[in-house]
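This is what each chain is made of:
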Amino acid sequence: MKAIITDALGAVTAVKDGDTVLIGGFGMAGMPVELIDALIEHGAGDLTIVSNNAGNGDTGLAALLAARRVRKMICSFPRQTDSWVFDGLYRDGSVELEVVPQGNLAERMRAAGAGIGAFYGPTGAGTMLAEGKETRTIDGREYVLEYPIHGDVALIRAHVADRLGNLVYRKTARNFGPVMATAATVTIAQVSRIVEPGDLDPENVVTPSIYVNRLVEVPR
């Protein structure tokens, strides 16, 4: 199966009102800014966004929040020195927040992609983050039951793709992209370059084409 190669706006038409959208990035590193801009233009709203943080400055995810398209944020780091857009929206009650420790966030999406129904983890045990959740003591240590995070659509950024949809990442821009690609029904990858099948070293492919539905080439 070949990935569909399209423009950014055409690609994000897969997003519908009320969808859960997984957005890659560690701060701005690896964030698919052009796909997010296209999503703003597309107009889908009432979204649940899953990302490591809640936007930086006024661009990318912060711009999506400012456009008031987001109903709920699920993230690890909602507040930073430049997260004023989210901060203002949260304070006035315009957006909901679920804080998930970073390791749990990655593992919950990995579990979704792996078909795991739930798992026990120690992170958050004994804190406010475990309130209302099932806990269990295993080998003398308290663990918290966590459930997978499934996405309707994942917007991720990779470095190079081939026309089949195999993805290679560049250094820390890799971050959450691989697990998000497996956890979503539709994965849309923004890449700097698209090459022919066979041009990528198979040993360097991180996300196989089976997880990628649409490609958007945005030259650096």
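Scroll up to find the structure this text is about.
Residue numbers run consecutively from 1 along every chain, following the written order of its sequence. The model is predicted, so local features are restricted to residues of pLDDT at least 70 and side-chain atom pairs to those at 80 or more, both for listing and for counting; the totals for chains, interfaces and linings are taken over all residues. Side-chain numbers come from the whole structure's heavy atoms, not from hydrogens or water.

### Focus on the overall build of the protein chain
Step number 1: Looking only at helices and strands, one finds 6 helices and 14 strands in the protein chain.
Step number 2: Here the C-alpha radius of gyration of the protein chain, 17 Å, is about what a compact globule of 220 residues would show, namely 17 Å.
Step number 3: When its C-alpha atoms are laid out on the principal axes, the protein chain stretches across 50 × 40 × 30 Å.
Step number 4: Exposed residues in this analysis have more than 50% of their type's maximum accessible area, buried residues have under 20%, and partly exposed residues fall in between, with area computed by a 1.4 Å probe over protein chains only. In the protein chain, which comprises 220 residues, the proportion classed as buried is 51%.
Step number 5: One way to put it: in the protein chain the 21 positive side-chain charges average out to a point 2 Å from where the 26 negative ones average out. Secondary structure elements are defined from DSSP: runs of H or I of at least 4 residues count as helices, runs of E of at least 2 residues count as strands, and each element is numbered from the N terminus. Note on method: radius of gyration uses C-alpha positions; expected globular size equals 2.2 Å times residues raised to 0.38. Counting rule for charge: Lys and Arg are taken as positive, Asp and Glu as negative, and neither His nor the chain ends is counted. By convention, the point assigned to a charge is CZ for Arg, NZ for Lys, CD for Glu and CG for Asp.

### Things to note about the environment of N213
Step number 1: Position of N213 relative to the elements: it lies in the loop between β13 (193-195) and β14 (214-217).
Step number 2: Once the C-alpha coordinates of N213 and A66 are considered, the two residues, 147 residues apart in sequence, prove to be 28 Å apart.
Step number 3: Not counting residues within four places of it along the chain, the set of residues in contact with N213 comprises A3, I4, T185, V186 and T187.
Step number 4: Each polar contact in these results corresponds to two N or O atoms within 3.5 Å; when the atoms are within protein, one needs to be able to donate a hydrogen and the other to accept it, and residues that are neighboring in sequence are counted only if both atoms are side-chain atoms. Polar side-chain contacts of N213 include one of 2.8 Å to the backbone nitrogen of T187. Contact definition: two residues touch when any of their heavy atoms are within 4.5 Å.

### Thoughts on unusual backbone geometry
Step number 1: Notably, R68 is not glycine yet its phi reads approximately 60°, a positive angle.
Step number 2: Along the chain, R68 turns up in the loop between α3 (61-66) and β4 (70-75).
Step number 3: Look at K171: it is not a glycine, yet its phi comes out positive at around 50°.
Step number 4: Tracing the backbone through its elements, the reader meets K171 in the loop between β11 (167-168) and α6 (177-183).
Step number 5: Judged by relative accessible area, which is 68%, K171 ranks as exposed.

### A short note on the environment of A184
Step number 1: Assignment of secondary structure puts A184 in strand β12 (residues 184-191).
Step number 2: Looking at A184, the relative accessible area reads 15%, which means it is buried.
Step number 3: Counting along the chain gives 140 residues from A184 to A44, while the straight-line C-alpha distance between them is 17 Å.
Step number 4: Leave out the neighbours within four places in its chain, and A184 touches L22, G151, D152, V153 and A154.

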